[in-house]
Amino acid sequence: MMKNKIKSVSAVLISMSILCLFACYEEKAVTSGDDDATISLAGSWESPLPGSNTLFSMWVDPTTAELFAVGGYGTIVSLKESASVLYDSVTSSALYSVWGSSPSNVIACGDAGLALRFDGSAWSKMTTNSSEILLGIWGSAADNVYAVGTDGEIVKYDGTAWTEVTSPAGRTLYSVWGSSPNNIYAVGLNGIILHYDGTAWDSLATQTKKTLLTVSGFGNDAVYVFVAGHDGKILSYDGNEDGDWLTYDLADTTASVYSIWGSSLEHLFACTAEGKVYKFTGSNWREILDASEPLHSLGGTEQGDVYVCGESGVIYKIAEDEAVTRLLPRPTVSRLRSIIGADSRHVYAAGDNGAVLARNYSGWRLMNQPWDVVILELYCASENVVFAAAGGGILLFNGHGWNVSYEISETDSLSNFVSICGDGPYNVYAAGDYGRVIHFDGLSWKQIETGSDLNISAIRMSESGNVYTAGEDGTILKYNGSSWSTLYSNSSYYWNGLLVMSSRNIYAVGQSGYVSHFDGSSWSSLTRATSNNLIEIWAARSDQIFAVGWLGTIIYYDGSSWTRLESGTDRDFYGIWGPDEGSFYTAGAGGTIRYYTVQPSE
């Protein structure tokens, strides 16, 4: 029986950093990263829903508990009770802060003076006349909104237009908050604290040299102000002119404090770069949540509920009794390492913890695959026959359930199978650590000696039946059915992905973004198409090739040059496959599955 835990995973795969879904949240097309690109991509989230881009800021309507959160790549999510919406992308630029006077008047700001406004039905761009990165926003009313950013920028919105405000700061401001139109604070780099009294902005005496990332408070007359940032320090001020700033250290951490929110001293919270939420006890701070990923922003309601958002698109709700519920994304799995299909109606994805997802007419569903193993690659022989390279063995789905097709012996410590391919259910090859290759003829698996002990990360077949492997030391081997030969070797590189379109048209992609091409007689000079590691490559035709990798990398080859395309996310990609030349899926970190359609550039 398959072991509950595989022995190990090859070095390159260790370094690579369920669900039943019935809807696809659409986004508008993102633009190419190069003006010369001949195509662009229109992308949409399929898993996890509604998305997993980092959320940097949230605003919660205190009365209705309707929540708006913004983040990387123009991500905007709203949540009310159990209903969530991922809005069409108005921009592909990052949004860093959001504030609203009501759910029908919400403003978000971000890169290069970007500001967006929601009118209750749609988001639209605003003109701020600023080119600075706007990092914080707050308002006392719909016609009195302030945004702050780099180079000490302060801009004000009066309900009609944005204007620049004279600022005494010459360095970045990260956050702004006030208790009234005549009592506003902004904080930033090197401990700067600004105060607005209704007439002008002035600098307050420096309380720390550490960068302050957030400012918040509560009260109208007797105002409590809290600022925080690097090194886990929180400063508090009671609003009196002759009052002192008090310093608090979060328990057992020096992690940066990204956000503070509260409605009273008895209901005050902070979140950190370590993914923890703390509650103020009146004299110190007590940990109440550890999300294990950075948490960026807090908000709450009059009913006492608190919300926090952060990395991977997560949103948590903390009830008054401190019960924690993860609201988004829902549901989620860990890394997906492979995606493949028989056609557009039958697509499979798999990865860590034995997770296998299948897509049909109604969406994605979690398959019943009982073994807790890392599935590193899938091969789809037909719509109901799927093989999985699962570390210490090979799994097989026969249309009814998953079974163990092959398993290394207890005494065999040599191999983990990381890649698998074939040209039908009766001719399948798998490869992995220490140059191990095995072949399935429909009845049994047999080892084929390669003459190499170098780790293999990819195995592929050509239409003529030749088998190719790629991996450690830049080595690419060819098997003609009887013997192995070396096509390429360079110890400076590690190949992760291999595309065999024919014996005269082969591409390899790998470490540090390198790409090479074989034309049947020689390999082209190495091309560094990106600085990010490339993991997998796929194509439906020779002049339209895509490779994916870390940090949401998608690169495109049009027959003459490589171009990086906007993917709409920074989640690491490990797999790519498409049903035709006009569309493809990617799979990766955080259970990410994205679907792209290929569109000619305008």
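Everything below is about the structure shown above.
Conventions adopted
Residues numbered from 1 in each chain as written. Predicted model: local features only at pLDDT ≥ 70, side-chain atom pairs only at ≥ 80, totals over all residues. Heavy atoms only, no water. Helix = DSSP H or I, 4+ residues; strand = E, 2+ residues; numbered from the N terminus. Rg over C-alpha atoms; globule rule 2.2 N^0.38 Å. Areas by Shrake-Rupley, 256 points an atom, 1.4 Å probe, with all protein chains shown as cover. Lys, Arg positive; Asp, Glu negative; His and termini not counted. Charge placed at Lys NZ, Arg CZ, Asp CG, Glu CD. Salt bridge = Lys/Arg side-chain N within 4 Å of Asp/Glu carboxyl O. Buried < 20%, exposed > 50% of the residue type's maximum accessible area, 1.4 Å probe, protein only. Pairing = 2+ DSSP bridges. Polar contact = N/O pair within 3.5 Å; in protein donor to acceptor, adjacent residues only side chain to side chain. Disulfide = S-S within 2.5 Å. Axes fitted to C-alpha atoms, helices over the stretch in contact; angles between N-to-C directions. Core = buried A, V, L, I, M, F, W, Y, C linked by side-chain atoms within 4.5 Å. Contact = heavy atoms within 4.5 Å.

Trainee: Which parts of the structure should I look at to understand the overall build of the protein?
Mentor: When helices and strands are tallied, the protein shows one helix and 57 strands. In terms of C-alpha radius of gyration, the protein reaches 27 Å, essentially the compact-globule figure of 25 Å for 602 residues. In terms of principal-axis extent, the alpha carbons of the protein reach across some 90 × 50 × 45 Å. When the accessible surface of the protein is summed, it comes to about 23400 Å², and 44% of that surface belongs to carbon and sulfur atoms. The centroid of the 33 positive side-chain charges in the protein is displaced by 6 Å from the centroid of its 65 negative side-chain charges.

Trainee: Any chance you could explain the pattern of salt bridges here in plain terms?
Mentor: Think of it this way: side chains of opposite charge can pair up when their charged atoms draw near. Enumeration according to the criterion identifies 13 salt bridges in this entry. Linked through salt bridges whose partners overlap, the residues forming this network are Lys 279, Arg 286 and Glu 322.

Trainee: Can you help me understand the pairing of strand β20 (residues 224-229) in this one?
Mentor: Regular strands place side chains that alternate from one sheet face to the opposite one. With five of six residues buried, β20 lies mostly within the body of the structure. Pairing between strand β19 (residues 212-218) and β20: six bridges, direction antiparallel. The residue bridging Leu 212 from the neighbouring strand is Gly 229, located in β20. Both β20 and strand β21 (residues 233-237) contribute to a ladder of four bridges, which runs antiparallel.

Trainee: Explain the environment of His 195 here, please?
Mentor: Inspection of the secondary structure assignment puts His 195 in strand β17 (residues 193-196). Here His 195 falls in the buried class, since its relative accessible area comes to 18%. For His 195 and Thr 128, which are 67 residues apart along the polypeptide, the C-alpha to C-alpha distance reads 22 Å. Engagement of the side chain of His 195 in a polar contact is seen with the side chain of Asn 183, the distance being 2.7 Å.

Trainee: Would you explain the state of the cysteines in this entry?
Mentor: Disulfide: a covalent bond formed between the sulfur atoms of two cysteine residues. A complete count under the given rule lists zero disulfides for this structure. Looking at the unpaired Cys 309, the closest cysteine sulfur is the one in Cys 271, lying at 7.7 Å. On the basis of relative accessible area, Cys 309 is assigned to the buried category, the value being 0%. Left without a disulfide partner, Cys 421 is nearest to the cysteine sulfur of Cys 380, which lies 14 Å away. Among the residues examined, Cys 421 registers a relative accessible area of 6% and is labelled buried.

Trainee: How should I be thinking about the environment of Ala 37 in this particular structure?
Mentor: Structurally, Ala 37 is set in the loop between β1 (25-30) and β2 (39-47). On the basis of relative accessibility, which here comes to 7%, the residue Ala 37 falls in the buried class.

Trainee: How should I be thinking about the sheet that holds strand β22 (residues 246-249) in this particular structure?
Mentor: Adjacent strands of a sheet pair through backbone hydrogen bonds, lying either parallel or antiparallel. Taking strand neighbours across the sheet as the criterion, the four strands line up as β19-β20-β21-β22 in an open arrangement whose pairing is antiparallel. Of all strands in the sheet, those bounded by a partner on one side alone are β19 and β22. Averaged over all adjacent pairs, the angle separating strand axes in this sheet is 20 degrees, with direction ignored.

Trainee: I keep staring at the nonpolar core and nothing clicks. Help me out?
Mentor: Within soluble globular proteins, side chains that are nonpolar tend to cluster in buried spots. Counting residues in hydrophobic clusters, the biggest one holds 51 residues, and the most contacted among them are Trp 123, Trp 162 and Trp 201. Look past the residues within four positions of Trp 201 in its chain and what remains in contact with it is Tyr 146, Ile 154, Val 165, Thr 166, Pro 168, Val 176, Ile 184, Tyr 185, Ala 186, Leu 194, His 195 and Tyr 196. In terms of nonpolar packing, the next biggest core, distinct from the first, is built from 43 residues, Leu 336, Met 367, Val 373 and Ile 375 among them.

Trainee: Even after reading the chapter, I still don't get the side chain of Asn 532, so can you show me in this structure?
Mentor: Here Asn 532 is to be found in the loop between β50 (527-528) and β51 (534-541). A polar contact of 2.9 Å, which involves the side chain of Asn 532, links it to the side chain of Thr 553. Those residues in contact with Asn 532 that sit more than four places away from it in its chain are Ser 512, Gly 513, Trp 550, Leu 551, Thr 553 and Arg 564.

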